[in-house]
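So the chains spell out like this:
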Amino acid sequence: MKILNEFVPTRKFLKLAEEIKDLVDGWNVTDSAAGFPAPSGVVVSCLLKYKYPEKYVCPIFILHYKGPVEVGGLALAADIIGLDGLAVTMGDNPRYGEAIKMLKSSEEARDFIRNTVKTKNLKLGCLLTARRSLEETLARVREPWDFIYFMRLEDKSFPTLEAVAKECKKLNKPIYAYFLVGTPKNVETVKMIGWPTAATMETVEEKAAKLNGLVDGIIATCAGDAEGDKEMLRKLQKFRS
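What counts as what
- Residues numbered from 1 in each chain as written.
- Predicted model: local features only at pLDDT ≥ 70, side-chain atom pairs only at ≥ 80, totals over all residues.
- Heavy atoms only, no water.
- Patch = residues over 30% accessible without salt bridge, like charges linked within 9 Å, V, L, I, M, F, W, Y side chains within 5 Å.
- Areas by Shrake-Rupley, 256 points an atom, 1.4 Å probe, with all protein chains shown as cover.
- Salt bridge = Lys/Arg side-chain N within 4 Å of Asp/Glu carboxyl O.
- Helix = DSSP H or I, 4+ residues; strand = E, 2+ residues; numbered from the N terminus.
- Polar contact = N/O pair within 3.5 Å; in protein donor to acceptor, adjacent residues only side chain to side chain.
- Phe/Tyr/Trp six-rings, centres within 6.5 Å; stacked < 30°, edge-to-face > 60°.
- Buried < 20%, exposed > 50% of the residue type's maximum accessible area, 1.4 Å probe, protein only.
- Lys NZ or Arg CZ within 6 Å of the ring centre and 35° of its normal.
- Arc of directions from axis to C-beta.
- Contact = heavy atoms within 4.5 Å.
- Pairing = 2+ DSSP bridges.
- Right-handed = clockwise from strand over helix to strand, strands pointing away.
- Disulfide = S-S within 2.5 Å.
- Axes fitted to C-alpha atoms, helices over the stretch in contact; angles between N-to-C directions.
- Parallel < 35°, antiparallel > 145°, perpendicular 65-115°, else oblique.
- Nonpolar A, V, L, I, M, F, W, Y, C, P; charged D, E, K, R; others polar.

### Topic: a nonpolar patch on the surface
Among the surface-exposed residues, L14, V43 and L47 lie close enough to one another that they form a single nonpolar patch of about 240 Å² accessible area. As for its placement among the helices and strands, L47 is situated in helix α2 (residues 41–51).

In structure tokens, the structure reads:
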């Protein structure tokens, strides 16, 4: 199972990546999370992939911040550099200005990137949430996405993840689950995000063991607790393959 770290870019992103590079198989890079301007997810990902070509690197790709020309330009850059994919989503509304809705859905953006921009090798994935019905979720899995990211994992959504993972295996599509770990330091951040936690620091290994063999990888994060991230990643080393 790949152990990925959810990577929130700051001005010190290269230093932070260097600190944890030996603890991860790669990074899922955020894209101006919660609508606040941050170093571009695609630009940061391209730099990480160039510096660490053996690592899996895939940014979130939020359409609400981008018009079609920028969508196409960034997708081409990702394709040329050899990123492992783009996880396409409409995403949060921006904190400044208005949401851009020229591409009206992630499916429309996917088809635009493939058919109009004509990327060659770039894989495109979608984000699935446990809040939708199982039927809706499985229907999206069956659409022409290359890989799946599963959000909002907790004990009560685990059966949904099992069903989605089974369908992904049948379709030969990689699936990665977000693995949000709650710590005393990130209580307020987790409240702001509005997601349930998949584990506490004390249950990281127990919960990860249930995912080992079920999913291709987990996107592990302590959501703003940098030291917690390192402790969590050290606990997850036994599951890397």
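### Focus: the environment of K118
Examined against the element boundaries, K118 turns out to sit in the loop between α4 (106–117) and β5 (124–129). Along the sequence, K118 and S106 sit 12 residues apart, while their C-alpha atoms lie 16 Å from each other. Side-chain polar atoms of K118 contact the backbone oxygen of N115, separated by 3.0 Å.

### Overview of the packing of aromatic side chains
The final tally for this structure, using the stated rule, is 7 aromatic pairs. Relative to Y178, the ring of Y149 has its centre 6.0 Å away and its plane inclined at 90°; by these criteria the two rings are edge-to-face. Of this pair, Y149 sits in strand β6 (residues 147–151) while Y178 sits in strand β7 (residues 175–182), and the two are 29 residues apart along the sequence. Overall, Y149 belongs to the buried group, its relative accessible area being 0%. Overall, the relative accessible area of 4% leaves Y178 in the buried class. In this structure, K66 packs its charged tip against the face of F61, placed 4.9 Å from the ring centre. Lying over the aromatic face of W145, R110 brings its terminal NZ or CZ to 4.6 Å of the ring centre.

### Digging into helix α5 (residues 134–141)
Three or more residues of α5 are buried, namely T137, L138, R140 and V141. Angular distribution of buried residues about the axis of α5 spans 155°; they occupy a single face of the element.

### Overview of α2
Burial in α2 covers these residues: G41, V42, V44, S45, C46, L48 and K49. Check the buried side of α2 and you find it contacts β1 (2–7), α1 (13–20), β2 (26–29), β3 (56–62), α3 (68–81) and β4 (86–89).

### Concerning the pairing of β2
Side chains of β2 alternate between two faces, with G26 and N28 and W27 and V29 buried alike. The pairing of β1 with β2 spans 4 bridges and is classified as parallel. In the sheet register, L4 faces β2, and the bridge partner there is G26. A crossover links β1 with its parallel partner β2, the connecting element being α1, and its sense is right-handed. As paired elements, β2 and β3 share 4 bridges and run parallel to each other. When the bridges of β3 are listed, N28 appears paired with C58. Following the backbone out of β2, through α2 and into the adjacent parallel β3, one traces a crossover that is right-handed.

### Observations concerning the state of the cysteines
In this structure the tally under the stated criterion is 0 disulfides. We note that C126 lacks a disulfide partner, and the nearest cysteine sulfur, in C168, lies 8.4 Å from it.

### Points about the packing of α2 against α3
Close contact between α2 and α3 brings their axes to 10 Å; oriented N to C, the two are set at 10°. When the axes of α2 and α3 are compared, the pair comes out roughly parallel. For the pair formed by α2 and α3, the contact residues are V42, C46 and K49 on the first element and L74, A77, A78 and I81 on the second. A breakdown of the residues in the contact of α2 with α3 according to their chemical character gives 6 nonpolar, no polar and 1 charged.

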